[in-house]
Amino acid sequence: MTMEQFEGYTYAEGGVCAAKGFVANGLNCGINPDKEKNDLGLIYSESPCAAAAVYTQNKVKGAPIIVTQRHLEKSKNTARAVIVNSKNANTCNADGIPVAETVSELTAKELGIRAEEVIVASTGVIGQPLSVEPFRRGIPELVRGMSADAHTEAAKAIMTTDTVKKEVAVCFEMQGKTCYLGGMAKGSGMIHPNMATTLNFITTDVAISADLLKEALSDIVKITYNCLSIDGDTSTNDMVSVMANGLAGNREIQAGDEDYQCFRQALYIVMVNLTKMLAADGEGATKMLECTCSGAADQETAITVAKSVVGSDLLKCMLFGEDANCGRILCAIGYADADFDINKVNVELASPCGRIAVCQNGAILPFSEEEAAKILAEDEIYILIDLQSGEYSVRAWGCDLTYDYVKINGDYRS
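A. Main features of the pairing of strand 14 (residues 380–386). The element strand 14 is extensively covered by neighbouring structure, given that five of its seven residues are classed as buried. Across seven bridges, the pairing between strand 10 (residues 288–296) and strand 14 is parallel. Looking at the pairing, L289 lines up with I381 of strand 14. Bridge count for strand 11 (residues 346–351) against strand 14 is five bridges, and the pairing is antiparallel. Paired with A350 across the two strands is Y382, which belongs to strand 14.

B. Structural detail: helix 5 (residues 210–222). With 13 residues, helix 5 should reach 18 Å at 1.5 Å per residue; the first-to-last C-alpha distance of 19 Å fits that figure. Among the residues of helix 5, A210, L212, L213, A216, L217, I220 and V221 are the ones counted as buried. Across the axial projection of helix 5, the buried residues extend over an arc of 160°, all falling on one side. Among the structural elements, strand 3 (40–55), strand 9 (239–244) and helix 6 (258–280) are those in contact with the buried residues of helix 5.

C. Geometry of the side chain of D205. Position of D205 relative to the elements: it lies in the loop between strand 8 (199–204) and helix 5. Exposure remark for D205: the relative accessible area of 0% places this residue in the buried category. For D205, the side chain forms a polar contact with the main-chain nitrogen of Y180, separated by 2.9 Å. If we skip the residues at most four places from it in the chain, D205 touches A19, K20, C179, Y180, N245, G246, L247, A248 and N250.

D. Structural context of the nonpolar core. In this structure, F172, F263, V347, L349, I383 and I385 are the most contacted members of the largest nonpolar core, which totals 83 residues. The element best represented in this core is helix 6, accounting for 14 residues. Not counting chain neighbours up to four residues away, the residues in contact with L349 comprise C326, I329, G354, R355, I356, V358, I375, L376, I381, Y382 and I383.

Here is what the cut-offs are and how they apply
- Residues numbered from 1 in each chain as written.
- Predicted model: local features only at pLDDT ≥ 70, side-chain atom pairs only at ≥ 80, totals over all residues.
- Heavy atoms only, no water.
- Buried < 20%, exposed > 50% of the residue type's maximum accessible area, 1.4 Å probe, protein only.
- Helix = DSSP H or I, 4+ residues; strand = E, 2+ residues; numbered from the N terminus.
- Pairing = 2+ DSSP bridges.
- Expected span 1.5 Å × (residues − 1).
- Arc of directions from axis to C-beta.
- Contact = heavy atoms within 4.5 Å.
- Polar contact = N/O pair within 3.5 Å; in protein donor to acceptor, adjacent residues only side chain to side chain.
- Core = buried A, V, L, I, M, F, W, Y, C linked by side-chain atoms within 4.5 Å.

Everything listed is a geometric property; what it means functionally is a separate question.
Encoded structure:
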């Protein structure tokens, strides 16, 4: 996947442990019968953190979501740790909340912190009972093995049908201090807005107020994770959390000033790259799709149109078959629930090997099928839409729809 470059920001190693004061670990505690696969992960800060989170809008919410919401409310938006398991979502279980609370308490006891300082998360099969015994056995070893180098083990612990771990970190300067912000994510299927479409954990050593942290996260999630669609299904366990421990040594950001904008840009860089990684690793996917809607009268129109295109199953099939049936793009634009003039719409199809115009002022143009086939043969496909009605531009991401998607989800529990 192509990593975008941003002036003043450099990519760094370390994922969620790139920032000062964070350690992590991951291991198999027995939830996943495959002992070669991690199923339990931990992130820990040596100092208290301002914390913020956003969650799925599915009416069915996993027990960990409910417990984490309660914890952050009780702790006044502070946290020290994340405990997360894969293979079992702890959702639609009668005892789900007591289990999630017990897992938090076990983690807190080992770390010497309060239970409400623990963010708890789960991913995996819905409606399958979850025992606390694997956690009781695994958490002590998990804590003993924590280190900054073990961020990869934590990232592997949240993988379900993911084929690759997903980590990004950036380094930047603020007030003469070197700052880091990094994250890890999981997600391959059951991915569709709204918030947050996957499990995502972000850490930073920047000092920032909890209110501004929440504001930045809520704003940026609208144009990153909430613009991602793999298969049209919004999960029950979606979460993005951010912890900021302030160990970079900057003066705490308490207003929407230049430092705040610097922080927001770092958060955007990490979140947009993780979003693109999630799109590229969609279940069974062979191509990553990025749709840019520009020339919109407002941001919401741009978001709605771009998301309509990446959410089209027919268009996803078109990409898989490498068939430039571009009327499907216009069709998906046309049923977007937004106000714009379709007779002004221009569309281009692009990839790393080239770019062609396929629609002008709402009408399909003649184009070279041979050139279009070359473009669609690439792993990264770009659809560029210009509404010619304003100054707003937004991107959305998805992937193609393949035979393997059906195979994966036809026997997901096995």
